Amino acid sequence: MKKKILALLLSLALVLPFIGGLTVPAEAAGNKLIAITFDDGPGNYTGSLLDGLASRGVPATFFMCGANGSYGVKNYNSLLTRMVAEGHQLANHSWGHPTFSKISGSEMQSQINQVGSYLTRAMGGSYNYLVRIPGGENNATIRANVAHPIITWSVDPVDWKYHNADTVYNNIMKNAADGSIILLHDIYQTSVQGGLRAIDTLKSQGYEFVTVSELFRRRGIALQNGTVYSSAPNRGTNLPAYSAPSISVNGGNVSVSANNNGVTLHYTTDGTTPTLASPTTNGTISLNSKVTLKVAGFDPFGTRTPVATQQVDANVAEAPSIVSAGNGTVTLRSSTVGSVIRYTTDGSNPTGSSAIAQNGVMTPGKTNKAIATAAGKNPSPVTTFYSTEYGDIFYDVPPTAWYYTFVGSAVNKKLMVGTQDFLFSPAMEMTRAMLVTILYSMEGKPATGNVSPFSDVKNTAWYASPIIWAADKNIVGGIGDGKFAPNTLITRQQVAAIMFKYAIYKGKASDRVDQSSLSRYSDQKQISDYARPAMAWAVNVGLMSGVTSTTLQPQGTCPRAQCATMMVNFDRVINAPEPTAPPTQSPSPSPEAEPDESAEPANTDAPAPSEAPAE
Ligand code: ZN
């Protein structure tokens, strides 16, 4: 028996959604939205109404008058601040509650604007407040003169007539439905009593109370000025409530994001709830003290998102940075006035009791860490820097790095310099111009002609002299078509080709090269023909030992750390007391200026057979 009833109910449930015009009953709790509104006040009972709403966690919308007898914002202005703080919606019911159909358009505007200035002041800034015309009147003149959304209602318990809490309650319960706007008047005690009872029952039925503008937003309806709205039943759109903004803190730099469309973020640092009067931020806030940060979003109708709160301890000293280094000392400075620099050289993090750098001066070890401390502030973040084996100071060349020794040596021999003060940029990839500039420095920057042989190397470019020199000495030949591509990242085989030519120019290499060493590498077929002798030479003399033990990656790019390694090896080859390979030709440049780096023109005049001793 029971089973049959269940089956019948199930089939009904399946059929119901498909019957046109019928609404599907029993929405899931939380999907039923309803707005409760109070007109004509504030008045004597508004304070106890706010108490009742606060204890229930229910926001309401107050359509308030200016001076409606003794009621209205003029005499109850202080309640508006409380309404704002407690998340209610401040809305407009005209100054003196006139019959709008009997007044002029300009008088309508004046009626609305006078109340509006109170609302705006309480909110801390202008927003698009909702308007309810006295008596719910609506005509073309009203719509043309009220530059705000016009709100009526869908549930009217006629509370002003009955003055009976039970009747108010029963009338609300009879007509309340999803999307309803309930009309009450907070100038009657019976309305407040009946309304709060109805709230309790509707909440127990799964209704979520929202302000009027929230009701429409969450139903996907964008309120338009001069348009009349009375309810927002579920037509398939159910947007979530606003969520609090996100806050992420990095020292004194705070990033905030709204997490909601169409809201403007306002924040405070004094512990108070943000209002429209609070400063706005478009995502970043800079702080320099220990504060309680509160951030809230506001939409155009003045609806405030939940408030995000975060303790931000931004009262930190500025981290020290290197001012100068040399003669075995390093000088550090923090921009924090009166700060003291403390440091370690054993890799441990410095504390308030670590060694003090007098006037910022300290003797570095291989790994150095420093902080700035100052009275009344937290210690700065740690600054870490390193010394090479030769005493050069870098932030980015740690002793644990594979290139530490090579970079130290390359810098010490002045083969390479940092990219900025105390930065080597080991991962920065080299361009073709950069490599030639390094060779030019090794050569002592000789005077050159001043006419570039390449159409893409301007005579005024920073790399013009190095490239003019290298072309003149047949160390570079460009990429073909009269071009050099100075700003193109250099590949490993191009590095080998240019260094090979330079070694030949210096009489330290022969262009007859034993290429058998290339067979050790699984990717040797990727080497362009023109670069094979150069790559073989580079392997034979220990300039390149492969990126792994079986790969040369000839087409790979060349980070500065790799370049430093090659340069140190190259320097050893160039400055070797004896030629590494007996020159079989005159050390002068070979007669034809063959393109040395281009992948295209292969060096077809027979790479020399491997008679030449490689060692
Ligand atoms: Zn009214």
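Before reading further, recall that the structure is shown in the block above.
Quick caveat, the model's predicted, so the values are computed rather than measured.

Basis of the calculations
- Residues numbered from 1 in each chain as written.
- Predicted model: local features only at pLDDT ≥ 70, side-chain atom pairs only at ≥ 80, totals over all residues.
- Heavy atoms only, no water.
- Helix = DSSP H or I, 4+ residues; strand = E, 2+ residues; numbered from the N terminus.
- Buried < 20%, exposed > 50% of the residue type's maximum accessible area, 1.4 Å probe, protein only.
- Contact = heavy atoms within 4.5 Å.
- Areas by Shrake-Rupley, 256 points an atom, 1.4 Å probe, with all protein chains shown as cover.
- Salt bridge = Lys/Arg side-chain N within 4 Å of Asp/Glu carboxyl O.
- Axes fitted to C-alpha atoms, helices over the stretch in contact; angles between N-to-C directions.
- Parallel < 35°, antiparallel > 145°, perpendicular 65-115°, else oblique.
- Nonpolar A, V, L, I, M, F, W, Y, C, P; charged D, E, K, R; others polar.
- Donors = N, O, S within 2.8 Å, 3.2 Å for Na, K, Ca; no water.
- Polar contact = N/O pair within 3.5 Å; in protein donor to acceptor, adjacent residues only side chain to side chain.
- Left-handed = near helix turned anticlockwise from the far one by under 90°.
- Pairing = 2+ DSSP bridges.

Chemist: I keep staring at the overall build of the protein chain and nothing clicks. Help me out?
Modeler: When helices and strands are counted, the protein chain shows 15 helices and 22 strands. For the protein chain, buried positions account for 49% of its 615 residues. Taking all contacts inside the protein chain whose residues are at least 6 apart in sequence as the whole, residues at least 24 apart take part in 65%. Summed over its atoms, the accessible surface of the protein chain is roughly 28200 Å², and 51% of this surface lies on carbon and sulfur atoms.

Chemist: Mind showing me how you'd approach the pattern of salt bridges here?
Modeler: Applying the stated rule across the entire model yields 11 salt bridges. Of the charged contacts in the structure, one is a salt bridge between Asp51 and Arg82, with a shortest N-O distance of 2.6 Å. Taken as a pair, Asp51 in helix H2 (residues 46-56) and Arg82 in helix H3 (residues 77-85) lie far apart in primary sequence, 31 residues in all. Judged by its relative accessible area of 43%, Asp51 is partly exposed. With a closest N to O distance of 3.0 Å, Arg219 and Asp178 form a salt bridge. Of this pair, Arg219 sits in the loop between helix H9 (212-218) and strand E7 (228-229) while Asp178 sits in the loop between helix H7 (165-175) and strand E5 (181-185); the two residues are 41 residues apart in sequence, bridging distant segments of the chain. Taking relative accessible area as the criterion, Asp178 reaches 15% and is therefore assigned buried. What you see here is one network of salt bridges that share partners, running through Asp51, Arg82 and Glu86.

Chemist: Honestly, the packing of H2 against helix H8 (residues 189-204) in this entry has me stumped. Any pointers?
Modeler: Packed helices, taken two at a time, are described by the angle their axes make and the gap between the axes. One way to put it is that H2 packs onto H8 with a least axis distance of 10 Å and a crossing angle of 10°. Looking at the two axes, H2 sits roughly parallel to H8. In this structure, H2 uses Ser48, Leu49, Gly52, Leu53 and Arg56 to contact H8, whose residues at the interface are Val192, Leu196, Ile199, Asp200 and Lys203. Residues of the contact of H2 with H8, tallied by class, amount to 5 nonpolar, 2 polar and 3 charged.

Chemist: Would you take a moment to explain the environment of Phe38 for this structure?
Modeler: Along the chain, the position of Phe38 falls in strand E1 (residues 32-39). It is 4.8 Å that separates the C-alpha atoms of Phe38 and Leu184, two residues lying 146 residues apart in sequence. Not counting the four nearest positions on each side in its chain, Phe38 is found in contact with Leu49, Ala60, Thr61, Phe62, Phe63, Leu184, His185 and Asp186.

Chemist: When you look at the coordination of the zinc ion in this model, what are you seeing that I'm missing?
Modeler: Note on the zinc ion: its protein donors are Asp40 (OD), His93 (NE2) and His97 (NE2). The metal-donor distances range over 2.1 Å. On the accessibility criterion, His93 (2% relative accessible area) is buried. Judged by its relative accessible area of 29%, His97 falls in the partly exposed class.

Chemist: Any chance you could explain the side chain of Thr37 here in plain terms?
Modeler: With respect to the helices and strands, the residue Thr37 is situated in strand E1. In terms of polar contacts, Thr37 uses its side chain to reach the backbone carbonyl oxygen of Ile182, at 2.7 Å. Beyond its immediate chain neighbours, meaning those up to four positions away, Thr37 contacts Thr61, Phe63, Arg132, Ile181, Ile182, Leu183, Leu184 and Val212.

Chemist: Sorry if this is basic, but what is going on with the packing of helix H13 (residues 492-505) against helix H15 (residues 560-574) here?
Modeler: Orientation of H13 relative to H15, taken along the N-to-C sense of each, is 20°, at an axis distance of 12 Å. Classed by the angle they form, the pair H13 and H15 counts as roughly parallel. Crossing angle aside, the handedness with which H13 passes H15 is right-handed. Contacts between H13 and H15 involve Arg492, Val495, Met499, Tyr502 and Ala503 on the former and, on the latter, Gln562, Met566, Met567, Phe570 and Ile574. A class-by-class count of the residues in the contact of H13 with H15 yields 8 nonpolar, 1 polar and 1 charged.

Chemist: What should I look at first to understand the sheet that holds strand E9 (residues 253-257) in this one?
Modeler: Within a sheet, neighbouring strands are paired by backbone hydrogen bonds and run either parallel or antiparallel to one another. The sheet built from 3 strands is open, its strands ordered E8-E9-E12 with antiparallel pairing. Of all strands in the sheet, those with a lone pairing partner are strand E8 (246-250) and strand E12 (284-286), marking the two edges. In this sheet, adjacent strand axes meet at a mean angle of 20° when their direction is disregarded. Relative to E9, E8 runs antiparallel, the two being bridged by 5 bridges.

No statement about biological role is implied by the geometric values presented.
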